[in-house]
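The lines below spell out each chain.
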Amino acid sequence: MARHLCGKTKSMNDIARLRNEYEDRKRRFDGSNVYSLFNRANLFIVQQRQREVLSLLQRNGITDLSNLRILEMGCGGGGVLAEYLGFGASPGNLHGVDLLIDRLHHAHNQLPGSGFSNADGQNLPYEAHSFDLVLQFTAISSVLDEKIRCNIFADILRILKPGGMIISYDFWFNPINKQTRGLRLNELRTYFPDCIFDCKRITLAPPVTRRLVPISWLLSTFLEKLILLNTHYLVGIRPNYTE
């Protein structure tokens, strides 16, 4: 019993840490254009990722998103969901959950026809088998507690429809930020042992991108294709119902 309570307390502490870290990031980047599309380096990262996401969807036979129910875990201000709106998803089929209320208000203002909930991802407020696509874009790497990670991925599987797909985009290596822990591919496979993976290492390391893109977009594209300096995994995960 003592171990159980200790584990629960540790998990609760990590949720509190996560809330504080997100608030701190908001203060640190307030007024910065690091994540603005008017910043050419960030534009490069986003556009390259979008191309890879569309390729992933197409490889898995998904070319019409208009009737698919889509949820993003850790949706922030709704930027990624807005991208899926551009891919052809219907506003009413887009849903997002996040820890911070102010980010959810921003997401709602950006996507007023979509649904948003305040949740930490461990007990998602949705029925089982209710989404065709479930997304996590650089959310899990901010979770340090292993139990919370396991709970989140288990609940994501619970709400995924048969034949649906989880799309995970996260970095595997970031030695600078101690408030994060990379999500490696072999670790991801342990969370989804009976699933089919479609994975690719993408995204030229952001520090390199920020230095190089203002000099040469073409050279940045070439280096990203070499993969060696890429820091993120884009992974499509589908339960293997044929076993």
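Just above sits the structure.
J.: Residues and numbers for empty space enclosed by the protein, please.
T.: Considering all chains together, one arrives at two cavities of 30 Å³ or more under this definition. Taken together, 13 residues make up the lining of the largest cavity; nearest its centre are Tyr-22, Met-73, Gly-74, Leu-99 and Asp-120. Listed by contribution, the elements that provide at least two residues to the lining of the largest cavity are helix H1 (2-29) and strand S2 (94-98). Here the lining of the largest cavity is composed, by residue class, of nine nonpolar, one polar and three charged. For the second largest cavity, the calculated volume is near 30 Å³. Taken together, Ser-168, Asp-170, Leu-183, Leu-188, Tyr-233 and Val-235 make up the full set of residues lining the second largest cavity. Broken down by secondary-structure element, the contributors of at least two residues to the lining of the second largest cavity are strand S5 (160-171) and strand S7 (230-239). Within the lining of the second largest cavity, the residues separate by chemical class into four nonpolar, one polar and one charged.

J.: Give a description of the packing of helix H2 (residues 40-59) against helix H8 (residues 217-226) that names residues and reports values.
T.: Packing of H2 against H8 leaves a shortest axis separation of 12 Å and a crossing angle of 40 degrees. Classified by the angle between their axes, H2 and H8 sit oblique to one another. In this structure, H2 crosses over H8, and the sense of that crossing is right-handed. Seen from H2, the contacting residues are Arg-40, Leu-43, Phe-44, Gln-47 and Gln-48; seen from H8, they are Trp-217, Ser-220, Thr-221 and Glu-224. When grouped by side-chain class, the residues that make up the contact of H2 with H8 number three nonpolar, four polar and two charged.

J.: Outline unusual backbone geometry, listing residues and values.
T.: One non-glycine residue, His-129, lies in the positive phi region at around 55 degrees. Inspection of the secondary structure assignment puts His-129 in the loop between strand S3 (115-118) and strand S4 (131-137).

J.: Tell me what's going on with the side chain of Ser-130, and back it up with residues and numbers.
T.: If you trace the backbone, Ser-130 turns up in the loop between S3 and S4. Here Glu-127 takes part through its backbone oxygen, which lies 2.6 Å from a polar atom of the side chain of Ser-130. Apart from the residues within four sequence positions on either side, Ser-130 is in contact with Arg-69, Ile-159 and Lys-161.

J.: Explain the layout of surface pockets to me, and be specific about the residues and the numbers.
T.: The calculated volume of the second largest pocket comes to roughly 210 Å³. Around the second largest pocket, the lining residues are Gln-48, Arg-51, Glu-52, Lys-200, Arg-201, Ile-202, Thr-221, Glu-224, Lys-225, Ile-227 and Asn-230. When residues of the lining of the second largest pocket are traced back to their parent elements, those giving at least two are H2, strand S6 (195-204) and H8. Here the residues of the lining of the second largest pocket are counted per class, giving two nonpolar, three polar and six charged.

J.: Account for the environment of Lys-161, with residues named and values stated.
T.: Here Lys-161 is to be found in strand S5. The class for Lys-161 is partly exposed, based on a relative accessible area of 25%. For the pair Lys-161 and Arg-238, spaced 77 residues apart in the sequence, the C-alpha separation amounts to 10.0 Å. A polar atom in the side chain of Lys-161 sits 3.4 Å from the side chain of Asp-132.

J.: An account of the nonpolar core is needed here, citing residue identities and associated values.
T.: The biggest cluster of nonpolar side chains holds 33 residues, and the ones touching the most others in it are Leu-188 and Phe-192. Listing elements by their share of this core, those giving two or more residues are H1, strand S1 (70-73), S4, helix H5 (146-159), S5, helix H6 (185-191), S6 and S7. Element by element, the count of residues in this core is highest for H5, at five residues. Here Leu-188 is in contact with Phe-153, Ser-168, Leu-183, Phe-197, Val-235 and Ile-237, once residues within four sequence places are set aside. Core analysis: the next-biggest nonpolar cluster, separate from the first, contains 25 residues, Ile-45, Leu-57, Leu-68 and Met-165 among them.

Each value, and the rule that gives it
Each chain carries its own residue numbering, running from 1 in the direction its sequence is written. Under the rules for a predicted model, residues below a pLDDT of 70 receive no local features and side-chain atom pairs below 80 are neither given nor counted, while totals for whole chains, interfaces and linings still include all residues. Side-chain measures here rest on the full set of heavy atoms in the structure, leaving out hydrogens and waters. Grid spacing is 1 Å over the protein atoms alone, the probe is 1.4 Å, and a cavity is where that probe fits but cannot get out, while a pocket is an open set with protein on both sides within 12 Å along at least five of seven lines and lining residues have an atom within 4 Å of a point. Grid points are joined across faces, edges and corners, and a volume is the space filled by probe spheres set on the points. The helix count covers DSSP runs of H or I at least four residues long, the strand count covers runs of E at least two residues long, and both are numbered beginning at the N terminus. Amino acids are sorted into nonpolar (Ala, Val, Leu, Ile, Met, Phe, Trp, Tyr, Cys and Pro), charged (Asp, Glu, Lys and Arg) and polar (every other residue, Gly among them). Between the N-to-C directions of two axes lies an angle of 0 to 180 degrees, each axis being a line fitted to C-alpha atoms and, for a helix, fitted only over the stretch in contact. The labels follow the angle: roughly parallel below 35 degrees, roughly antiparallel above 145, roughly perpendicular from 65 to 115, and oblique for the rest. Each crossing is labelled by how the near helix is turned from the far one, with a counterclockwise turn of less than a right angle marking it left-handed and a clockwise turn marking it right-handed. Every residue pair with non-hydrogen atoms within 4.5 Å of one another is taken to be in contact. Under this definition, polar contacts are N or O atom pairs within 3.5 Å; protein pairs additionally need one hydrogen-donor-capable and one acceptor-capable atom, and for neighbouring residues in sequence, both atoms have to be side-chain atoms. A simple rule labels every residue: compare its accessible area, found with a 1.4 Å probe on the protein chains alone, to the largest value its type can have, and call it buried under 20%, exposed over 50%, or partly exposed in between. Joining through side-chain atoms within 4.5 Å is the link that ties buried Ala, Val, Leu, Ile, Met, Phe, Trp, Tyr and Cys residues into a set, and such a set is a nonpolar core.

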